[in-house]
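Reading the structure
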Amino acid sequence: MFRTWRQKITLTDILVWVIGLSIAAVVIWGTISTLQSGKYSAESWFDLVVKGLALGGVYALIAMGYTLVYGILRMINFAHSEVFMSGPFTAVFLANALNNSGFLNRYPLLGILAVAVLSMAVSMSVAVLVERVAYRPLRNAPRLVPLITAIGASFFLQYTFRGFYGSGFEAYPTIEALNGAWQLGTVRLFKTQVVVILAAIVMMFMLYAIVMWSKLGKAMRAVSEDKEAAALMGIDVDGIIVFTFALGGAAAGAGGVLYILQFPVVHFYMGFIPGLKAFTSAVLGGIGNVPGAFLGAMVLGLLESVGPNLFLDGLGIPVASQLKDAIAFIILVFILIFRPSGILGERLTQTKV
Amino acid sequence: MALLEVNNIHTYYGNIHALKGVSLKVEEGEIVCLIGGNGAGKTTTLRTISGALRPREGNIVFMGEDLAKYKPHQIVQKGIAMVPEGRRIFARMTVMENLEMGAYIRKDKQKVAEDLEWVFELLPRLKERRRQVGGTLSGGEQQMLATARALMARPRLLLMDEPSMGLAPVLVEAIFDTIVKINKEGTTILLVEQNALMALSVANRGYVLETGNIVMEDTGEALKKNPRVQKAYLGME
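Each value, and the rule that gives it
Residues numbered from 1 in each chain as written. Chains lettered and ligands numbered in written order. Predicted model: local features only at pLDDT ≥ 70, side-chain atom pairs only at ≥ 80, totals over all residues. Heavy atoms only, no water. Helix = DSSP H or I, 4+ residues; strand = E, 2+ residues; numbered from the N terminus. Polar contact = N/O pair within 3.5 Å; in protein donor to acceptor, adjacent residues only side chain to side chain. Contact = heavy atoms within 4.5 Å. Buried area = accessible area lost by both parts, 1.4 Å probe. Salt bridge = Lys/Arg side-chain N within 4 Å of Asp/Glu carboxyl O. Phe/Tyr/Trp six-rings, centres within 6.5 Å; stacked < 30°, edge-to-face > 60°. Buried < 20%, exposed > 50% of the residue type's maximum accessible area, 1.4 Å probe, protein only. Lys NZ or Arg CZ within 6 Å of the ring centre and 35° of its normal. pLDDT = per-residue confidence, 0-100. Pairing = 2+ DSSP bridges. Axes fitted to C-alpha atoms, helices over the stretch in contact; angles between N-to-C directions.

What follows deals with the side chain of serine 164 of chain B. Residue and element names in this part refer to chain B. You can see serine 164 is positioned in the loop between β7 (157-161) and α7 (169-184). In terms of polar contacts, serine 164 uses its side chain to reach the side chain of glutamate 193, at 3.0 Å. With near-sequence residues (within four places) excluded, serine 164 lies in contact with Val172, Phe176, Glu193 and Asn195.

Let us now look at the interface of chain B and chain A. Taken together, the contacts link 23 residues of chain B with 21 residues of chain A. Summed over both partners, the interface of chain B with chain A comes to about 2,100 Å²; 55% of that surface belongs to carbon and sulfur atoms. It is His73, Phe90 and Tyr104 of chain B in chain B that bury the most area against chain A; as a group they hold 31% of the surface buried on that side. Our enumeration of links across chain B and chain A arrives at 5 salt bridges. Linking glutamate 228 of chain A and arginine 47 of chain B is a salt bridge whose minimum nitrogen-to-oxygen distance equals 2.9 Å. Inspection of the chain B/chain A interface yields 7 residue pairs in polar contact (both at pLDDT 80 or more).

We now examine the packing of aromatic side chains. In the structure shown here, the tally under the stated rule is 16 aromatic pairs over all chains. Between the aromatic rings of tyrosine 66 of chain A and phenylalanine 279 of chain A, the centroid separation amounts to 5.5 Å while the plane-to-plane angle is 50 degrees, which identifies the pairing as tilted. Here tyrosine 66 of chain A is found in helix α3 (residues 42-73), whereas its partner phenylalanine 279 of chain A is found in helix α12 (residues 272-285), with 213 residues between them in sequence. With a centroid separation of 6.0 Å and an interplanar angle of 50 degrees, the aromatic rings of phenylalanine 164 of chain A and tyrosine 165 of chain A are classed as tilted. The class of tyrosine 165 of chain A is partly exposed, set by a relative accessible area of 23%. One aromatic cluster is present, built from ring pairs that chain together Phe89, Phe93, Phe161, Phe164 and Tyr165 of chain A. When the ring centre of tyrosine 104 of chain B is taken as reference, the NZ or CZ atom of lysine 215 of chain A above it lies at 4.9 Å. The aromatic ring of tryptophan 118 of chain B is capped on one face by arginine 154 of chain B, whose charged end is 4.3 Å from the ring centroid.

Residues and elements named next belong to chain A. Here chain A shows a mean pLDDT of 86. Residues at 70 or above account for 96%. Across chain A, element-level confidence peaks in helix α11 (residues 237-262) with a mean pLDDT of 94 and bottoms out in helix α15 (residues 348-352) with 41. The low-confidence segment residues 348-353 (pLDDT under 50) makes 0 contacts with residues lying over four places distant or belonging to another chain.

This paragraph deals with unusual backbone geometry. The phi torsion at arginine 74 of chain A lies on the positive side, around 50 degrees, for a residue other than glycine. Tracing the sequence through the fold places arginine 74 of chain A in the loop between α3 and α4 (80-100). The backbone of glutamate 162 of chain B shows a phi angle near 50 degrees, a positive value even though the residue is not glycine. Along the chain, glutamate 162 of chain B turns up in the loop between β7 and α7. Relative accessible area serves as the criterion here: at 4%, glutamate 162 of chain B is assigned to the buried category.

Residue and element names in this part refer to chain A. In the structure shown here, the tally under the stated rule is 27 salt bridges over all chains. Put simply, lysine 324 and aspartate 325 hold a salt bridge, and the shortest N to O gap is 3.7 Å. Taking relative accessible area as the criterion, aspartate 325 reaches 27% and is therefore assigned partly exposed. Through salt bridges with shared partners, a single ionic network connects Glu131, Arg136, Arg139 and Asp238.

This brings us to the sheet that holds strand β1 (residues 4-13) of chain B. Residues and elements named next belong to chain B. Spatially, β2-β1-β4-β5 is the arrangement adopted by the 4 strands of the open sheet, whose pairing is antiparallel. Edge positions in the sheet fall to β2 (16-26) and β5 (65-66), since each has one partner strand and no second. The pairing of β1 with β2 spans 8 bridges and is antiparallel. Looking at β2, one finds that histidine 10 is bridged to lysine 20. Docked against the sheet, helix α1 (residues 42-50) engages β1, β2 and β4 (57-62), running at close to 110 degrees with respect to β1.

Residues and elements named next belong to chain B. The sheet built from 6 strands is open, its strands ordered β6-β7-β8-β3-β9-β10 with mixed pairing. The open sheet has two edge strands, β6 (80-83) and β10 (213-219), and neither has a second partner. Taken pair by pair, the neighbouring strands of this sheet meet at an average axis angle of 20 degrees, ignoring direction. Where strand β3 (residues 31-35) lies against strand β8 (residues 188-193), 5 bridges are found, and the strand directions are parallel. Among the inter-strand pairings, isoleucine 35 is bridged to a residue of β8, identified as glutamate 193. Of the strands in this sheet, β3, β6, β7, β8 and β9 (205-210) touch α1, which is tilted by about 145 degrees from β7. Against the sheet, helix α6 (residues 139-151) touches β6 and β7, its axis set at about 175 degrees to β6.

Following this line, the structure appears as structure tokens:
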């Protein structure tokens, strides 16, 4: 954007800036009038922020799958939403069985762990299977081809799981230990949201540690920079690619468990919207960048939960929260116009010049 | 039996016949150089040995074993490491991480730590820069890093592709000094070079490659005195 300043400013640039500035104006105006109206208390803003972070935690874990695979193969794995869906959709049966036997409420921690392990295992296997069947045979094909098989794999998985488990909704049992909220002075913290945020942060840190400091993680980074040179180091490139899909799949399965703690209903189509949002988070943060995916997911989660009330309520728009996706994506579009490589992404255009 | 025997290999890029029956031998402990003009097939020869390309005909025998059944990363485990053309270091990883990748196949941590010291002794500049990201090194330092990285695999045979490319004359000498030192410490080297004069000066034997064929083979000294080589590759009339 700044380069065009010095060279020449086209009509499109002016238009983009005008639209960008007017959106910024609406946002600022809306924010001021919402805050002036005093309709929401500090406590309810706090609630929204926590809710946004919990949502962001789920997006962050799913986004890892997109960003890791992109880093290695420079390809968007559009079947990743279904990798995410497969875990919790399978684990619901275990959760209900555990609930019926009373185990889940007697040992909630063990119960959730068992559900999480199953969910992660299923998502991981599906991710590895997709790589093996849909992507590896096309490793040297033009880049559009695996994109098409990705979409094909996505539909295949949706309808396969529909075939397995039916097209209805399955409900997760509620876990009594996570019901309710803690009251800290005037501030209220929902137990599930606290658990989700903490778990997401711990898991993101573990993923970061694996990528940065483990031998396999370093090999992943080497493969993502230069496959042929990595092979010359004795690194099994195909093996590392499988490991990448497995890691991203496991993260998505874990994200699935955090998702159902907040929205305890699963169905075969449940992956689409969270998958799209997680993909958005990855792009927003700078695709291929692990801390970027986390940051992008948190920003998106916050925009979605705080945004509608903060920006639109003061303008007299009824039920502003229904516009949460519109707000999130409009802001995404503008962040990408002004910073195409995402928040933490490298400025590819500059390094290439 | 030679350490490496390349027998009549034919390698293609798509339909382009790049190597038309190349045969060469490298004995244990030697420095062997491969000289030739642009497009003669020098890099192709090395890439075929390292497994990045597959010969359509002929075979490559290393320590008595045919390499055809191995993938590139398995060939490294057999004891062949390569310093690729254009260095190909991992620019976003630190010098230390690059060296760790070089030792990726090795399990004996104790020995790896010793070799790290050895490599730092050989190339002290890298020790100073070990926390720096590879992309921020100068061209000469990157070449040293690429060499050190390959040495960390403790190869029986080291393939070097144009180690002097793009370097200032002082650095070229430093690189060739290092090559001789590495060789003295027991690593066999197959060297590909544009800088034929330097290469022939350090090599025990040399091969001249022209459009995919070996056209001459002799000791380094003899090739240096050969009028045809002098005219074509050493810039003497």
